[in-house]
2 protein chains.
Amino acid sequence: MILTVTANAAIDKRYVVTSFDVGSVNRVKSAEFSAGGKGLNVSRTARIAGEDVIATGFLGGHAGEFVQEKLKAEGIREDFVWCSGETRSCINIWDESHHTQTEFLEPGARATQQNQDSLVKKFTELAADCSVAAISGSMPEGCTSDLYKRMLAAGKKAGKKVILDTSGKTLEECLDDHPFMIKPNIDEIQMLVGRKLNPDDTKELLDAAKELHARGIPSVVISLGSSGSLMSCGEGAFQALVPRIDAVNTVGCGDAMIGGFCTGIARGLSMPESLKLASAVSAAAAMTNRTGFFRMEDMKKLEPLIEIRKLR
Amino acid sequence: MILTVTANAAIDKRYVVTSFDVGSVNRVKSAEFSAGGKGLNVSRTARIAGEDVIATGFLGGHAGEFVQEKLKAEGIREDFVWCSGETRSCINIWDESHHTQTEFLEPGARATQQNQDSLVKKFTELAADCSVAAISGSMPEGCTSDLYKRMLAAGKKAGKKVILDTSGKTLEECLDDHPFMIKPNIDEIQMLVGRKLNPDDTKELLDAAKELHARGIPSVVISLGSSGSLMSCGEGAFQALVPRIDAVNTVGCGDAMIGGFCTGIARGLSMPESLKLASAVSAAAAMTNRTGFFRMEDMKKLEPLIEIRKLR
């Protein structure tokens, strides 16, 4: 079983408008709603890959019930902490005429200290039955890094692998809690090691990954988009090379990669094998318009084309 | 008791953004949600005026439950027909820097023929206990004027006063069903009588109102915004003159006027007295930022200042 944490869940709404007109009334031609938030993308991709998933985090109000219903329809078990107020909507507006994409992110409901205590408790209970957990994305108002730090500590105490996929200050502040894996992009790893890195210099990047690895993080994956990724882990240093694909939507591909890693780890694969699977899931996710989603047939075609090179 | 019909209910969401950026991610600074749709504004204003109100129409999904909960909190009884799919959201974005207001209207859930039959049945049942009903606004996908025509016929059969506040083709197609009252603005009355009218010529406007009155509509009110209104009804022709006010939000003031008329009619006031009350409610509604809302103290100050002139 895989456990995912989405502290800042959302209803993702995709609007299509013929022509976006600032200062006037825009009739939305079509609107699609889905369960959103990075942890839910992880859940969905791991579920599609065939794993049993249980999702937790915060939900609120009728919008929260909508998310709950969507997860049920996707075969994802869930056990959320309910906050007062409404789960936020994140609106993505596609203007067909000008080909612009404009987003509006609602602030969403606040999580009280009591809500946070409940989530840590729930995480601890649920993690007992899981081999791997992923904590993804940002936190709602009212939370500090302390929430993630407490879950990382609980996971560690129970001997579970906990992946942390967040950014900025939260990521920095949780490093010493030793998540099992982090997946920084170039900007994030530069911030973490405190120096500028040449994105084309594999050695320089791997050195930075190894530096974080040495600080007590078992697996450090640097995601390089279409250039694949680098990983420093207990089994060594590896590079994943992905074939050229026709990417139609790269939003959520990082979450799909985490979904793939969770799947690999849950199946007891080695880290290089998990990296291969995760790279295939992530590339397949880029081939569909739906965020945090992929088709098994795309993944199965891509997997043999992914090259995992041992570097050191 | 007053009955209101909102076929196209919505969650009205008001977003405030610091600066609206097309083509990028906009974090919403504050978001306020309310039960929206013209008929619900009528319900709210009649409720604030002190009347018992029951609201019907179509609702769907978790968004529909949100609307239901809001109405409950406002003391408005409700009995809606539930459709599959989600009640739409209407998003109004205020850009603090550029002072622009941009709206996005979701298409919303479709009402099936069966849903429409259920609404006509419900309307007929609920109308039995009401002295006046108001059918307001547009219809969701799947509906034609036939829905309103059937409700007007049911109201007529039961000897009830049914106000119709809609626009365009729907208004035109329902004229021969003789709603008790219509409230066209200048554009609408021009369309209904099929000729251009001088908005400053009271005689010309009243002639047009009388023409519609003669076609079998007991009360024709022409709304002229800050210039007040004209009414042709069984008791004669009247003009309502409103004092100058500091209008902060004129959205929903027409609905507030209908709420005032419903209140007057439910109390057994004469039509000129109802016009006075309705004008005061509408003007008070313009003095608050909240749509379809007014403060009793504003209304009570304004009411004695409204002048009702008998013209013919």
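Just so it is clear, the model here is predicted, and its values are computed rather than measured.

(A) Representation of the sheet that holds strand β3 (residues 25–27) of chain B in the model. Across the sheet, 5 strands lie side by side as β4(A)-β2(A)-β8(A)-β9(A)-β3(B); this open sheet has mixed pairing. Each having just a single partner strand, β4 (30–36) of chain A together with β3 of chain B make up the two edges of the open sheet. Taking the axes of each pair of neighbouring strands and ignoring which way they run, one obtains an average angle of 20° across the sheet. For strand β2 (residues 10–17) of chain A and β4 of chain A, the ladder comprises 7 bridges, and the chain directions are antiparallel. Residue pairing in the sheet places A10 of chain A in a bridge with G36 of chain A of β4 of chain A.

(B) Main features of the relation of the copies chain B and chain A. Each copy of the sequence occupies a distinct position, and chain B is placed on chain A by a rotation of 180° and an axial shift of 0.0 Å, giving an RMSD of 0.0 Å. When the rotation and shift are considered jointly, the pair of chain copies conforms to a two-fold rotation axis. Within chain B, H62 of chain B has its C-alpha nearest the rotation axis, a separation of 2.6 Å. A shared interface surface links the copies, since 100% of the contact residues of chain B are contact residues in chain A too.

(C) Structural detail: the interface of chain B and chain A. Between chain B and chain A, the contact holds 31 residues from the first and 31 residues from the second. Summed over both partners, the interface of chain B with chain A comes to about 2600 Å²; 63% of that surface belongs to carbon and sulfur atoms. Counting across the chain B and chain A interface gives 2 salt bridges. One salt bridge connects K13 of chain B with E106 of chain A, and the closest N-O pair in it is separated by 2.8 Å. Across the contact surface, chain B and chain A share 18 residue pairs in polar contact (both at pLDDT 80 or more).

(D) Fine view of the packing of aromatic side chains. According to the stated counting rule, one finds 5 aromatic pairs over all chains in the structure shown. Between F20 of chain A and F20 of chain B, the ring centres sit 5.8 Å apart and the planes meet at 85°, which makes this aromatic pair edge-to-face. With one member in each of two chains, F20 of chain A in the loop between β2 and β3 (25–27) and F20 of chain B in the loop between β2 (10–17) and β3 form a pair that bridges those chains. Overall, the relative accessible area of 7% leaves F20 of chain A in the buried class. With 5.1 Å between their ring centres and 75° between their planes, F104 of chain A and F20 of chain B make a pair best called edge-to-face.

(E) The packing of helix α1 (residues 38–48) of chain B against helix α8 (residues 253–266) of chain B, seen in detail. Residue and element names in this part refer to chain B. Here α1 crosses α8 at 50°, and the two axes come no closer than 8 Å. It follows that α1 is oblique to α8 by the angle criterion. In this structure, α1 crosses over α8, and the sense of that crossing is right-handed. Of α8, the residues touching α1 (which contributes K38, N41, V42, T45 and A46) are D255, A256, I258, G259, C262 and T263. Among the residues making up the contact of α1 with α8, the classes are represented as 5 nonpolar, 4 polar and 2 charged.

(F) Local environment of the domain arrangement of chain A. Residues and elements named next belong to chain A. Its domain assignment divides chain A into domain 1 (1–180) and domain 2 (183–216 + 218–312). Taking the mean C-alpha position of each, domain 1 and domain 2 sit 21 Å from one another. Across the contact, 29 residues belong to domain 1 and 29 residues belong to domain 2. Linking domain 1 to domain 2 there are 4 salt bridges.

(G) Inspection of the environment of K310 of chain A at higher detail. All names here are of chain A. Mapped onto the fold, K310 is located in strand β16 (residues 307–310). The contact partners of K310, leaving out residues within four places of it in the chain, are E235, G236, A237 and F238. Separated by 3.4 Å, the side chain of K310 and the backbone oxygen of E235 make a polar contact.

(H) Local environment of the sheet that holds strand β8 (residues 88–95) of chain B. In spatial order, the strands read β3(A)-β9(B)-β8(B)-β2(B)-β4(B); together these 5 strands make up an open sheet with mixed pairing. Since the sheet does not close on itself, it has two edges, and those belong to β3 of chain A together with β4 (30–36) of chain B, each with one partner. Neighbour-to-neighbour, the strand axes of this sheet turn through a mean angle of 20°, independent of strand direction. The sheet strands contacting helix α2 (residues 61–73) of chain B are β2 and β4 of chain B, and the helix crosses β4 of chain B at an angle near 80°.

(I) Layout of the pattern of salt bridges. Residues and elements named next belong to chain A. Throughout the structure, instances matching the rule amount to 36 salt bridges over all chains. Among the ionic pairs, D207 bridges to K203, the shortest N-O distance being 2.9 Å. On the criterion of helical spacing, the pair formed by D207 and K203 is a turn pair, its members being 4 residues apart in helix α7 (residues 202–214). Take D207: its relative accessible area is 28%, and that puts it in the partly exposed class. Bridged by salt links that share partners, the residues K38, D165 and D255 form one connected network.

(J) Structural context of α8 of chain B. Residues and elements named next belong to chain B. Its 14 residues give α8 an end-to-end C-alpha distance of 20 Å, which sits within 8% of 20 Å, the value for a rise of 1.5 Å per residue. Extensive coverage of α8 is indicated by the burial of 12 of its 14 residues. What α8 keeps buried is the set C253, D255, A256, M257, I258, G259, G260, F261, C262, T263, G264 and I265. Just downstream of α8, G268 is the residue with a positive phi angle, here 75°.

(K) Region of the structure containing the UniProt feature "domain: Carbohydrate kinase PfkB" (unreviewed entry) in chain A. Sites flagged by UniProt as "domain: Carbohydrate kinase PfkB" (unreviewed entry) map to residues 11–287 of chain A. With 39% helix and 26% strand, residues 11–287 of chain A has end C-alpha atoms that lie 22 Å from one another.

Definitions and cut-offs
- Counting of residues starts from 1 at the beginning of each chain's written sequence and follows it residue by residue.
- Here every chain gets a letter starting at A, and every ligand a number starting at 1, in the order they are written.
- Residue-level local features of this predicted model are given only where pLDDT is at least 70; pairs of side-chain atoms are given and counted only at 80 or more, and the full residue set underlies all totals for whole chains, interfaces and linings.
- Hydrogens are left out, water is left out, and the side-chain values use all remaining heavy atoms of the structure.
- Only when DSSP finds a minimum of two bridges between them are two strands counted as paired.
- For helices the rule is a DSSP run of H or I covering at least 4 residues; for strands it is a run of E covering at least 2, with both sets numbered from the N terminus onward.
- In this analysis an axis means a line fitted to C-alpha atoms, helices contributing only their contacting stretch, and an angle means the value between N-to-C directions, from 0 to 180 degrees.
- A residue counts toward the fit only if its pLDDT is at least 70 in both copies, and the copies are then superposed by least squares on the C-alpha atoms of those residues.
- Contacts between residues were defined by any pair of non-hydrogen atoms, one from each residue, lying within 4.5 Å.
- Using a 1.4 Å probe, buried area is obtained as the accessible area two parts lose upon being combined, added over both of them.
- Counted as salt bridges are all cases of a side-chain nitrogen of Lys or Arg within 4 Å of a carboxyl oxygen of Asp or Glu.
- In protein, a polar contact requires one atom able to donate a hydrogen and another able to accept it; more generally it is a pair of N or O atoms within 3.5 Å, and residues adjacent in sequence count only if both atoms are side-chain atoms.
- Two aromatic rings, drawn from Phe, Tyr or Trp (for Trp, its six-membered ring), form a pair once their centres lie within 6.5 Å of each other, and the interplanar angle then sorts them: stacked below 30 degrees, edge-to-face above 60, tilted otherwise.
- Exposure categories follow from relative accessible area, calculated using a 1.4 Å probe and restricted to protein chains: below 20% of the type maximum is buried, above 50% is exposed, and the middle band is partly exposed.
- When describing relative orientation, an angle under 35 degrees is termed roughly parallel and one over 145 degrees roughly antiparallel, while 65 to 115 degrees is termed roughly perpendicular and anything else oblique.
- Left-handed describes a crossing whose near helix is turned anticlockwise from the far helix by less than a right angle; the clockwise case is right-handed.
- When residues are grouped by polarity, Ala, Val, Leu, Ile, Met, Phe, Trp, Tyr, Cys and Pro land in nonpolar, Asp, Glu, Lys and Arg in charged, and all others, Gly among them, in polar.
- For every domain, the bounds stem from an assignment made automatically or drawn from a database.
- A helix is expected to reach a length of 1.5 Å times the quantity of its residues less one.
- UniProt positions are given in the numbering used here, feature names are shortened, and annotations may be inferred rather than shown by experiment.

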